[in-house]
Amino acid sequence: KAFLDQFADAKGFIGLENESLYALHGYTKALGLLVLFAKHISPALRNSESSNIRNFFVCVTRLDGRLGVQSEFTSVGEHSRGVVDTVQFVQRGAVLGLCKSLDLEWSNVFCRGVDVHPNITVDVASNIVLDELFCSNTAIREVGYLNAATRLTTRAVDLREAERRGAQQPWLQQTKSQFSRDDVVLVTGGGRGITPLCIRELAKRIRGGTFLLLGRSAYSRNDKDLSWADSVP
């Protein structure tokens, strides 16, 4: 109750990597705490009455400045402790996935993950985060900085198109769908946000399918996120 009262009028949130928190709770529990924080601050960010204020949820990581996408899982710079355990490295990067998911769930909140190279100083990193807060391109959900002048982001690629172009990467050989158009798929998580988007893409790929959605939220015809269900008996 005290937490909710304290942040009832919050307009933004910036989550920073905290080595002390990681050491105390581990990466998985630390991410869980961040998700819990997002849950409780959600009403304040999503229910803002002012359209002139950019409400935001931004998380900052110190992976490699490339969003964790590189050939080897190694730490760099003065923060180096040798080779980083692969699982821990992936767990740290899960924060970026949280920001991307929330961006799909919270249509009126600016959500972004920012990965800053460990060698970048705190002052420079602070300016980078401030620049991202005022970025006009709201279609971008994650960015990486190798240095103050080198900004990277990701681009979605259709794996089937890559296959048609003759790509021979081993990981592409495992992208074939295990579903068929005759399958019945039970989907938990309800019909809001990221869930229907995933279902839509799966239905496109298998050209059919029957999907049963389970959720605990009350259905209302005034809920724009559930407008697709109006025609369902």
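Keep in mind it's a predicted model, so treat the numbers as computed, not measured. Numbering of residues starts from 1 in every chain and runs along the sequence as written. Local features in a predicted model are, by the rule used here, given only for residues with pLDDT of at least 70; side-chain atom pairs are given and counted only at 80 or more, and totals for whole chains, interfaces and linings are based on all residues. Think of the side-chain values as coming from all heavy atoms in the structure, minus any hydrogens and water.

Before we move on, could you go through the packing of aromatic side chains and cite the residues and values that matter?
For Phe, Tyr and Trp, rings pair up if their centres lie within 6.5 Å, where Trp contributes its six-membered ring, and each pair is then called stacked (planes under 30 degrees apart), edge-to-face (over 60) or tilted (otherwise). Scanning the model with the defined rule gives three aromatic pairs in all. Ring centres of F13 and F57 lie 4.8 Å apart, and the angle between their planes is 25°; this geometry places the pair in the stacked category. Of the two residues, F13 is situated in strand β1 (residues 12–16) and F57 in strand β2 (residues 56–61); the sequence distance between them amounts to 44 residues. Summarising the aromatic geometry, the rings of F57 and W106 are spaced 5.7 Å apart at their centres and angled 90° between planes, so their arrangement reads as edge-to-face. Per the convention used, a helix needs a DSSP run of H or I reaching at least four residues, while a strand needs a run of E reaching at least two, with both numbered from the N terminus.

Tell me about unusual backbone geometry, and please be specific about residues and values.
Despite not being glycine, L67 has its phi angle at roughly 65°, a positive value. Mapped onto the secondary structure, L67 falls in the loop between β2 and α4 (86–105). Burial status follows relative accessibility: with a 1.4 Å probe on protein chains alone, a residue under 20% of its type maximum counts as buried, one over 50% as exposed, and anything between as partly exposed. On the basis of relative accessibility, which here comes to 11%, the residue L67 falls in the buried class. A positive phi angle, close to 55°, is found at R207, a residue other than glycine.

Explain the sheet that holds β1 to me, using residue names and the numbers behind them.
Pairing between two strands requires that DSSP report at least two bridges joining them. Within the open sheet, the five strands sit side by side as β1-β2-β3-β4-β5. Their pairing is mixed. Of all strands in the sheet, those with a lone pairing partner are β1 and β5 (150–153), marking the two edges. On average, each strand axis in the sheet is inclined to that of its neighbour by 20°, with strand direction left out of account. Examined bridge by bridge, strand β4 (residues 142–147) and β5 share four bridges and lie antiparallel to one another. Paired with V143 across the strands is T153, a residue of β5. In the packing of helix α5 (residues 122–133) onto the sheet, the strands contacted are β1, β2, β3 (110–116), β4 and β5, and the crossing angle to β3 comes to about 155°. In this analysis, axes come from line fits to C-alpha atoms, helices being fitted only over the stretch in contact, and the angle between any two N-to-C directions falls in the range 0 to 180 degrees. By the convention used here, residues are in contact when the closest approach between their heavy atoms is within 4.5 Å.

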